[in-house]
Amino acid sequence: MSDKSQRIIRVFPETATINHHNHLAIAGCDTIELAESFGTPLYVFDETTLRNKCREYTREFNRVYSDVTVAYACKAYANPALVTVLHEEGLWLDAVSGGEMNIARFAGFPPEKVLFHGNNKTQDELEFALDWSIGRVVVDNFREMGLLQNLAAKRQRIQQVLLRLSPEVDPHTHSHTTTGVLDSKFGFPISTGQAEEAIAIAIRSSNLRLAGLHFHLGSPLFEVEPYEQAIKIVLEFASRISRNYDFTLDELDVGGGFAVQYLAEKPAPPASAYAEVIARSILELTSQLDMPLPRLIIEPGRAIIGQAGIALYRAGGNKTIQGVRKYVFVDGGMGDNIRPPLYDARYEAMVANKAASAPEEKVTIAGKFCESGDILIRDIDLPAIQDGDIIAVPVCGAYCLAMSSNYNAYLKPAVILVSEGQAKLMRRRETYADLVRQDLF
Ligand code: LLP
């Protein structure tokens, strides 16, 4: 196996191997056969990696803290089959829309294990949540609090809520995915007094029960220190508030944002590093401030699903501009993975039918969408690519399909789950008929 293949196979799903045909295999399934049977672009999820990530986060946090709930952030990617696996692994869900709640409901997910987030929840969505008996609504602003109180009162229900705070900590993420700072659309800022006011209103709202506080700093955080800073700010605030109001912090939800390794040379902190710093900060501060230990909720999305998913594309044409670069075109791109143009996200890739072969040329992998920014990977060294070769891109489980579009009226890919040599279709490829199904004329 070439050095390069050896280095990058580690960012692929845990079951990734190179078989005797020199093909990349996932969970014993030859990816070239998968591409033949299901077509391309194809998203392949490895059940073993997914389950192991759920177990790793659950185990590492439970090792250092006594009362932990791991709520998977559906926005990273959700469908009924995946949500069922997460339920089997004991995870809760963080849903951010009526659509995500409906995926969970459709899959028979218990509503008491779902948190409902969002900065502009509609009345319909709040009614959906209440009528489905959702466990917790994470209230983001004053308007939502009033609306939820009224809707809960109409139903004679007491709804458990958390309040989303903005602790004003910079997590050093891409500016598009930084949330816990003052100038953000999310949450009640602490420093302006709005967080205190929100607590006072929540306590007065007879149909809301204030279970605790939430913050989410951004995504992905390659550093652990911002969690420590934010926990200090939020716990000191909670301690001050509990002296003036009838409020005990039963639950502290520190959000998600745990990073994953996309590139061979850019490792991410392991679950244990996040767990240790988060648990230590809560344990030390609650003891200093003489507060009871809250239940800890974490909301990993990317860290649970990212590595489990890969994308398979078929190479088509190419274009060499002498002295400038060689483009290789694939049959997907920004419609199924907007992350490179949107965040300058970088990915590794492997030619799946030449998996162990040494790199021979530097190429830029471009998609087929009608936009110059539709570049999947700029300047990557790969074996020489021929028309029909299969390009595998790792760490595509999170925020690729979830943010996919039908730009140029291309069809969204098929999605499969592989386990022990078997491949199961989780979502069929779209058809042209799907694309005009909602149109009336
Ligand atoms: N909890 C809340 C309240 C969130 O807003 C998010 C992500 C998460 C949890 C999960 O974060 P994770 O553990 O997956 O990092 N589209 C961007 C990421 C946007 C994240 C939005 N919120 C990307 O492709 O990088």
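Residues numbered from 1 in each chain as written. Predicted model: local features only at pLDDT ≥ 70, side-chain atom pairs only at ≥ 80, totals over all residues. Heavy atoms only, no water.

## Some words on the packing of helix H9 (residues 225-244) against helix H10 (residues 271-289)
Contact pair H9 / H10: the axes reach a minimum separation of 9 Å and the direction vectors enclose 25°. Relative to H10, the element H9 lies roughly parallel. Here H9 runs over H10; the crossing is right-handed. Of H10, the residues touching H9 (which contributes Tyr227, Glu228, Ile231, Lys232, Leu235, Glu236 and Ser239) are Tyr274, Val277, Ile278, Arg280, Ser281, Ile282, Leu285, Thr286 and Leu289. Residues belonging to the contact of H9 with H10 are distributed by class as follows: 9 nonpolar, 3 polar and 4 charged. (Axes fitted to C-alpha atoms, helices over the stretch in contact; angles between N-to-C directions. Helix = DSSP H or I, 4+ residues; strand = E, 2+ residues; numbered from the N terminus. Parallel < 35°, antiparallel > 145°, perpendicular 65-115°, else oblique. Left-handed = near helix turned anticlockwise from the far one by under 90°. Contact = heavy atoms within 4.5 Å. Nonpolar A, V, L, I, M, F, W, Y, C, P; charged D, E, K, R; others polar.)

## Quick notes on the nonpolar core
Counting 116 residues, the largest nonpolar core has Phe45, Phe61, Leu163, Leu213, Ile278 and Ile365 as its most contacted members. Structurally, this core is a two-domain feature, drawing no fewer than three residues from each of domain 1 (3-39 + 308-436) and domain 2 (48-305). Residues in contact with Leu213, not counting those within four places in the same chain, are Leu162, Leu163, Leu165, Ile199, Val234, Phe237, Ala238, Phe247, Leu249, Glu251, Leu252 and Asp253. Counting residues in hydrophobic clusters, the runner-up holds 23 residues, among them Leu24, Ile26, Ala27 and Met350. (Core = buried A, V, L, I, M, F, W, Y, C linked by side-chain atoms within 4.5 Å. Buried < 20%, exposed > 50% of the residue type's maximum accessible area, 1.4 Å probe, protein only. Domains from an automatic or database assignment.)

## Looking at the pairing of strand E15 (residues 325-330)
Residue alternation in E15 divides its side chains into a buried set, Lys326, Val328 and Val330, and an unburied set, Arg325, Tyr327 and Phe329. Here strand E14 (residues 309-321) folds back onto E15 in antiparallel fashion, the turn holding 3 residues, of which Gly323 has a positive phi close to 75°. (Pairing = 2+ DSSP bridges.)

## Quick look at the domain arrangement of the protein chain
You can read the domains of the protein chain as domain 1 (3-39 + 308-436) and domain 2 (48-305). In this structure, domain 1 and domain 2 have C-alpha centres spaced 33 Å apart. Each partner contributes to the interface: domain 1 provides 24 residues, whereas domain 2 provides 22 residues. Of the roughly 2100 Å² buried between domain 1 and domain 2, counting both surfaces, carbon and sulfur atoms make up 61%. On the domain 1 side of the interface with domain 2, the three residues burying the most area are Glu14, Ala308 and Tyr399, jointly 25% of the side's total. Counting the contacts that link domain 1 with domain 2 gives 0 salt bridges. Taken together, the links from domain 1 to domain 2 amount to 5 residue pairs in polar contact (both at pLDDT 80 or more). Elements with a minimum of two residues in the side of domain 1 that touches domain 2: helix H1 (3-8), helix H12 (339-343), strand E20 (414-419) and strand E21 (422-427). (Buried area = accessible area lost by both parts, 1.4 Å probe. Salt bridge = Lys/Arg side-chain N within 4 Å of Asp/Glu carboxyl O. Polar contact = N/O pair within 3.5 Å; in protein donor to acceptor, adjacent residues only side chain to side chain.)

## Things to note about the site of the ligand
Around the ligand sit 20 residues, and of these Ser219, Glu299, Arg339, Tyr343 and Tyr399 come closest. Within the side chain of Arg339, a nitrogen or oxygen atom sits 2.6 Å from an oxygen atom of the ligand. Protein chains bury 91% of the 590 Å² of accessible surface belonging to the ligand in isolation. Residues belonging to the shell around the ligand are distributed by class as follows: 6 nonpolar, 8 polar and 6 charged. Looking at which domains feed residues into the shell around the ligand, each of domain 1 (3-39 + 308-436) and domain 2 (48-305) supplies at least three. (Near = heavy atom within 4 Å. Areas by Shrake-Rupley, 256 points an atom, 1.4 Å probe, with all protein chains shown as cover.)

## Topic: the sheet that holds strand E3 (residues 29-30)
Read across the sheet, 3 strands follow the order E1-E2-E3 without closing on themselves; strand pairing throughout is antiparallel. Edge positions in the open sheet fall to strand E1 (17-18) and E3, since each of these has one partner strand only. In terms of strand pairing, strand E2 (residues 24-26) meets E3 through 2 bridges, oriented antiparallel. Paired with Ala25 across the strands is Asp30, a residue of E3.

## Digging into the pattern of salt bridges
Scanning the model with the defined rule gives 25 salt bridges in all. Lys75 is paired through a salt bridge with Asp94; the nearest N and O atoms lie 3.5 Å apart. Pair noted here: Lys75 is in the loop between strand E5 (68-73) and helix H4 (80-88) and Asp94 is in strand E6 (residues 92-95), with a separation of 19 residues, a long-range link. For Lys75, a relative accessible area of 30% corresponds to the partly exposed category. Classification of Asp94 as buried rests on a relative accessible area of 1%. Between Arg209 and Asp250 there is a salt bridge; the shortest N-O distance is 3.4 Å. Remark: Asp250 occurs in the loop between H9 and strand E12 (251-253) and Arg209 occurs in strand E11 (residues 208-214); sequence separation between them is 41 residues.

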